[in-house]
Amino acid sequence: MMNFYMELEVQSVDVTPEKFDEVFDEIADALHECTGIENADLAGNSATLILTFSMDVSGRDEIAAFTTGLSAVRTALHSAGGSTPGWEDHFSIFRHLIEKASQAQKGNLVDA
């Protein structure tokens, strides 16, 4: 297994800034309860409706690690009322980054 650092930005496409602020703590709490990830963090901007998830993830390769991280993000969003199936209709992946942990430089996102 290799260790990776992952960031994922998602933008809500159907909530008000007030609702965004209301569910932020629920999403953050749910993210911290997810298994398979470590050092999880969440930042949010209610003006742009963008959530930035960051975490350390292990996997046999980048794809496996990204899948684990994306699952944690989906779980956190779902637990706060993001619908499933069709969760991707309510949140648009804005940017993502996944790097081997030794190469990680936090904040260097790539456009999705």
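The coordinates are above.
Caption draft 1: Fine view of the pairing of strand β2 (residues 37-45). Summarising the sheet, β2 and strand β3 (residues 50-59) pair through seven bridges and their orientation is antiparallel. Along β3, the bridge assignment pairs Asp 41 with Ser 54. Counting the residues that bridge the hairpin from β2 to β3 gives four residues, and of these Leu 49 lies at a positive phi of roughly 60°.

Caption draft 2: Highlighting the pattern of salt bridges. Overall, the coordinates contain one salt bridge when judged by the stated rule. Two residues, Glu 22 and Lys 19, come together in a salt bridge whose shortest N-O distance is 3.4 Å. Pair noted here: Glu 22 and Lys 19 are both in helix α1 (residues 17-33), with a separation of three residues, about one helical turn.

Basis of the calculations
- Residues numbered from 1 in each chain as written.
- Predicted model: local features only at pLDDT ≥ 70, side-chain atom pairs only at ≥ 80, totals over all residues.
- Heavy atoms only, no water.
- Pairing = 2+ DSSP bridges.
- Helix = DSSP H or I, 4+ residues; strand = E, 2+ residues; numbered from the N terminus.
- Salt bridge = Lys/Arg side-chain N within 4 Å of Asp/Glu carboxyl O.

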